[in-house]
Structures are given as structure tokens and as C-alpha cells.
Amino acid sequence: MLNRRQLLGAAGAAGLGLAASACGTTSTTSGSKTPAKANSSAELKGTINLLTPEFAGAEGKAALEGKVLKGFTDKHPGVKFQVDYTPWDKLNEKLSTQIAGGSPSDVIMFGMGWTQPFAHKKIVAEIDKSAIGADDVVPNLLENASYNGKLYSVPMHLESRPFIYRKDLLGKAGIGEDAMNVETVDQFTSLLKEIKAKTGKTPLDMLASSLRQAWGQMIFAFGGTQFAPDGMSITFDQEPGVKALQWLVDLQKEGLSDFNQRVATGQPGAYQTGKAMIGWQSSGVWPTFAKQAPDLLKDENLGIMLCPGTSADKKVIYQGGTLAALSTRSKNPEAAIAVIEYMMSDYGLTEQVRFTGKVPARKLPPDPELDANKLAAFSSENLKYSVTDGGTPAWMEIRGKMDPVMEAAILGKKSVSDTIAELKKLAEDAIGRVK
Amino acid sequence: MTATVTAAPAGATSPRRRSSQRSEKLWGWLLTLPAFVHTLLWVGGPVIAAIVLSFTDFDVVNPPVFNGGVNYSEIMGDDVFWRALWHNLIMVAIGVPISMFIALVLAVALNQGLKGQSWFRTMIFMPHVTATVAIAMIWLWIYAPNAGGLGNVMLGFVGITPQSWLTNSNLALPAVIIVTIWQGIGLKMLIYLAALQGVSQELYEAADVDGASTIKKFVHITVPMLRPATFFVLVTSIIGNFQTFDLIFNLTNGGPANATTVITYQIYVAAFQQFRMGYATAQSVVLLLVLIVITLISRKVVGGTDGD
């Protein structure tokens, strides 16, 4: 006779197609006591399912399968790839439906801040750092790829977000390069006001981006953090978090940045169309700008700067990124980990960032094409200033709910203190559920 | 010619007739059996599973854990969920009557044998068969928050400054309702058109003899004769509105500041962004109850197909 737990399990399977995961898939890595590492001498074969939010479209497919992965299949002809291209905004539900269906991909590529939740839920397996070429990855990036001191994913390419500015238009308005060399947030705010007064245009295109990420960066700029180091309590309700949110709210109130300049995915934003003088842009826009608006990338038009902090030595740069992880339910973990190792190789990583335009997570041999991406080069030089949001196992539950709450503050519908209180409640509720 | 029908005395059905009735009943059951089994397996099963899951904490990865009525008590205190329900009700209260009225007027107009009416019917029905993602893309362009968006170009003609349709929390929901009205007219019009074909012309001829005006004929003949169709359109439109998801997902993501979020979007967020399947199914069960109540009220108000 079924007990209550079994009955509930059966109901879950019936309702959500978990039957396959419960019966059909043998977990090959979740029970392993040792971190997964590649065995280069083994003859690899089988199919590797790869889930990636990068390499969208026909060009992306050609880059990934025709170049990046081809080097691997040339070496291991017995391995075939089944690639699932899922855009970032659908990646979370793709993962959950894969898990519910009992067939998560062998290699999962996801974003910064996702490692801890997935490691906590035992969706991704621990990885041997030395075996996958991650030794020379910047330490703070490896921290973001770790949970409870163990590595669960490998940072591959980073989506750094420096401030970029229209040197040409600002110059015409009488704002020279020297004026852009600000050291603190206060000086930066004064600069934005000056730009508004002299150009009549929106000084900063930041609120049209993800508010969660903007706040995440500014908390660090104001000298704070979002969560305690163990990720089990919040710290964003402290003074830096409040100041950071107030700063964003004031940007909107004073017309220094405009939430209403938000555009649909794929449409050119306010910076690209010349409506905003400073953009908070991903290093990954380089290839897009190179095609759509190459003039913006010319030396005489493009300036790049870090986000100032509370003092000259507290500058920050937001770091998103793409990490690769090994599924605990992979049927072919040896080949899967070999794929991750290969993707971190000079050739594998170079070919990836050549297409994505992002910053490689470790130093690569000089490459004229990659070196031409000034945003990536700038970000690469400033990786030590990297900050990112997240850092709690409950992040996947929290992150999706933050933007609507923050939008209310930016639009003046809710006070900063009420917004922080609501964010605190939803974060603590979510953390309470993973404890 | 006259026909005489002699009713058989009650309880005096012949054995042959009784056998025929039994056979008819049996065939009736046999023919409905596939649909019945299908419904039982693919509708009844998931509904029961959802109800069971709604009393659990289930994160997809680990087995569900019974948590009593925690999900339901959380829903009671979930402001965003009730806000989403309110948005659904607003969409129904405003969008459904407007779209039904426009659809009825168009159906009557396109039932007059006008030149090119087939072309108009096709054009009006087109949004219904177009993928909602494509529709959302078109309306994103119409609602583009700058002078280049078609909506703002139109406003410019009458001297109104460009509006931030989808990022202004006061405008976003009306903007979404406009799209649902536009998208929903086609199917409603088609149903009304089909129903209009069934209205006897003799009724209109008799009204003509009595000297009734066009409006009186519309009010006293067309509208009452379309009552079953109206009930069907009303109930399916209400349910359709409560199921709106893809439009919200592609147009606004429920924003800004939850100004356009609806229940199905909240269910999606809970299930696929937060991995809280137990909570999401509890929300689904509440949605089911809301729909049952609204359908019963609609039946009471419109009268349904009783006696038809």
C-alpha cells in the first residue's frame, strides 16, 4: 500500500510528467562523492545534449556547431551533439520543464547567480576545478560558480556592463573627456545633471534595463552587498541598498534616466538611437553595433568608463555571464565534462567569444578580431572590479519577482522604504523555503 | 394535408420499441465512450493531480511534500495574486462587452450580402488565426514608446504628445485590453454570423408587415434569437480572457510594476520561474473555482440555452 509520501510523489508524476525522471533516468553523477573530471584517455561516444542561451539564430548555430563543437567531434567522432538553443528569457522554464520531464541536458549553460540554486537542488554536479581548465579563471568569478566552497559550474564568457558614452555628442555640447573622468557616485550624478542641462537629452540609459541588475550593481557601488556570504540572509536592506535604490529613483524623478525608454527585445535602445548620452551596455553588443551602427564604435565617438563608487577605489562593473555546468542526471558524464573542458580550451573559448562578443573568463592568446572589441578588452582589464547580483540558493525564486516591485518604486507608486520592505519579505520567504 | 398522431398510453410502449430505445441508448454510450475516456484521462486525471499537488510543497526536483493548506493561506495574503485576479476581471468587464458588441454589429453588417463581404470577413477573422506572438510583435511596434510607433504617430495627428503605452502603469492595462478586443472580435463575429443564418426570415417579414423599424427588429428579433449564441460567446470569451497568457508574456511581462499581470502569468511565474509547482497548482485551482462561479453567474444572467 502506498504511504502518503509515495501517493504525493505519484500525483506529482501524473500531473507534471515526472514519471520519466522517476523511473527512466539513472542518475550517474549525483551520487558521486568525487567531483566530475574529464578522462582524456577514454574513448568517448554517445550523444551529448547541450542547453545554451547563446548562439541564437542560423549564424549562432553555424558558429557553435560548425566551429566551436566541430573541434571536439573531430577529436571524438563517436560523440554527437543535440543542441537546444533557448533564449535567456525562456531558459529558466526550459530547465524546469526538462527536469520535470526527467531529461535535463547533459551540459547546461546558464547565467551568473544560477549556480547556487541549482547546486542546492542537486541539478548540477560538482566539478573538479583543475580538470576543466578553470585554474586561471579570476577568483571572484569562481566564487560565483561555487556553492558551499565547491565548484559547480565553469564561467566561460562574461557579459560585462561598463558605461559607454557618446564622445562626439558630448564634445559638441562642451563636455570633454576630462569631465567624464569622475571618481565618485556624487560626482557622477553631478555630471549627469550637467549633461542634461547642456544636451537636453537623457543623460543615462540605465533604467530601461533590468532594474534588478541596476540595483545589484549600485548596491556594491555604495559599498554594500545583497546577501550574507552563506546566502542564507539578506543584507540589501542596509544603508547601501537603500541609498542605491534611492539613487535610481532619483534618476527617474530628475529626468537623468528614463524607465519609459524601455524597448522590446531586439529593438535599438536609447543609446543606440542617440536619445541617451551614456549607455549601460553589455560588452556583447559589440558585434551588433558593428553591424547596425558601426559609427558608434569609432574611437572618436566611443568612450568607456567604470561605474564610480562611494570613493575613487570603489569602482564597480556589473558582471553577467554564461557558465557551463554538468547535469547530475547526465547519462554520459565523462563525455559531458570533456565537452566543458574543451569549451574552456583556447580554441573552444576563442571561437565562442568571437561570436558572442563577450569577455572570455580567462586570458586567451592574442587574437586581432577579439582584441578589436574594445568593450570586451576594457572589461577584461577591469575584471577585478566585477560585481554581480544573487548569491543565495533562493535566487531563482527571488530574481523574477524583484523587477515588478522595483518598477513601482521607480514609477513613484511606492516609497523606497516600502519597496525595500517588500523585497526583504519576498527574499526572506524564499530563503526560508530553501533552509 | 393533415396528419393524425395518436399518442400511445403511458407505460404502454411496445417491446419492440423498448428494445429499439435500449439499442439507441447503448449506441449513444458507445459513441461517447472515446470522448469520455479521453476527458477522464487527459482532463480529469490532471485536474485531480493538480488538486492533490496544490496541498504540497513541490519544487520539481524533489518529491512533493504535503503541507496542508499552506499554499491556499499564502494565496489569501498574496497581494499580487489578487491584483492579477482584479486585472482579469477588468479585462473581462471592459474587453468582453466591447468586443461582443463590435462583433455583433460587424456580423449583422456582413450578413447583408454586401459587396466584398467575404474579404471583410476574412480580414476581421485573421487576428484570431494569427499566432499571438506575431500579434504581440505588431502591437509592440504600434505601442513603441517614441514618435516612431504607429500609436504615437496617430496621436501626433491630433496633437497629442507621444505616450509610453506599455511602461506607463496607468496606460499599460488599457493598452493590453485594446489588443484583446482587436484579437477577439473575429471569432465572436464568426459565431454570430453562423447564428444569424439560423434566424428565420419569416420573423423579419412579419415585423415588416407590422411596420417595425430596423432598430426595433434588431432589438426585438435579432438580439433575442441570438441569445444561445450570446451565452456561448460570453462564456468562451470570459474563459478565454482568464486564460490570456501569451499576449501578456510577449507584450508586457506583467509589468510595469505588475500593472498588467494576470492569474495565468502569476501561475507561470510560480511554476517555471520559481519552481513552486505546489503553489502554482493552488493558484490554478483558485482560477478554476473563479471560472466556475463566473460561468454559473453568466448562465443565470444570460439564460444560457435552457429550453433550446
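Reading guide: rules and limits
- Residues numbered from 1 in each chain as written.
- Chains lettered and ligands numbered in written order.
- Predicted model: local features only at pLDDT ≥ 70, side-chain atom pairs only at ≥ 80, totals over all residues.
- Helix = DSSP H or I, 4+ residues; strand = E, 2+ residues; numbered from the N terminus.
- Buried ≥ 20, exposed ≤ 12 C-beta atoms within 10 Å, placed from the backbone.
- Contact = placed C-beta atoms within 7 Å.
- Rg over C-alpha atoms; globule rule 2.2 N^0.38 Å.
- Bend = angle between axes of the 7 residues up to and from the residue.
- Pairing = 2+ DSSP bridges.
- Domains from an automatic or database assignment.
- Nonpolar A, V, L, I, M, F, W, Y, C, P; charged D, E, K, R; others polar.

## Some points on the overall build of chain A
- Counting its regular elements, chain A contains 18 helices and 13 strands.
- Counting the 435 residues in chain A, one finds 51% classified as buried.
- Long-range contacts, defined here as pairs at least 24 residues apart, represent 78% of the contacts in chain A between residues at least 6 apart.

## So, the overall build of chain B
- For chain B, the count of helices and strands is 13 helices and two strands.
- Taking 2.2 N^0.38 as the reference for a compact globule, 308 residues should give roughly 19 Å; the C-alpha atoms of chain B span a radius of gyration of 25 Å, well beyond that estimate.
- Referenced to the eigenvectors of the C-alpha coordinate spread, the extents of chain B come out at roughly 75 × 60 × 30 Å.
- Put simply, chain B has 308 residues, and 34% of those count as buried.
- Pairs at least 24 apart in sequence give 69% of the contacts found in chain B among residues at least 6 apart.

## A short note on the environment of Thr236 of chain B
All names here are of chain B.
- By the element assignment, Thr236 lies in helix α10 (residues 227-242).
- The class of Thr236 is partly exposed, set by 15 C-beta atoms lying within 10 Å.
- Measuring from C-alpha to C-alpha, the distance between Thr236 and Lys188 comes to 9.4 Å, with 48 residues separating the pair along the chain.

## Focus: helix α1 (residues 15-53) of chain B
Residue and element names in this part refer to chain B.
- Bending of α1 peaks at approximately 45° at the position of Leu33, with proline Pro34 no more than four residues after it.
- With three of 39 residues buried, α1 lies mostly on the surface of the structure.
- All of the buried residues along α1 are Ala50, Val52 and Leu53.

## Section: the pairing of strand β3 (residues 107-111) of chain A
Residues and elements named next belong to chain A.
- Most of β3 is tucked away: four of the five residues are buried.
- Pairing geometry for strand β1 (residues 46-52) and β3, over two bridges, is parallel. Each bridged residue has a counterpart across the sheet, and for Leu50 the counterpart in β3 is Val107.
- With five bridges connecting them, β3 and strand β11 (residues 317-326) associate as antiparallel partners. Residue pairing for β11: Val107 is matched across the bridge by Leu326.

## What to know about the domain arrangement of chain A
Residue and element names in this part refer to chain A.
- Domain annotation for chain A reports domain 1 (22-159 + 320-387) and domain 2 (161-319 + 391-434).
- One C-alpha centre belongs to domain 1, the other to domain 2; they are set 28 Å apart.
- Residue-level contacts link 25 residues of domain 1 with 26 residues of domain 2.
- Looking at the side of domain 1 that touches domain 2, the elements with two or more residues in it are α6 (115-120), β6 (154-161), β11, α16 (374-381) and β13 (386-387).
- The leading source of residues in the side of domain 1 that touches domain 2 is α16, at five residues.
- When its residues are assigned to classes, the side of domain 1 that touches domain 2 shows ten nonpolar, twelve polar and three charged.

## Observations regarding the domain arrangement of chain B
- Per the domain assignment, the segments making up chain B are domain 1 (20-53) and domain 2 (78-302).
- Relative placement of domain 1 of chain B and domain 2 of chain B: their C-alpha centres are 31 Å apart.

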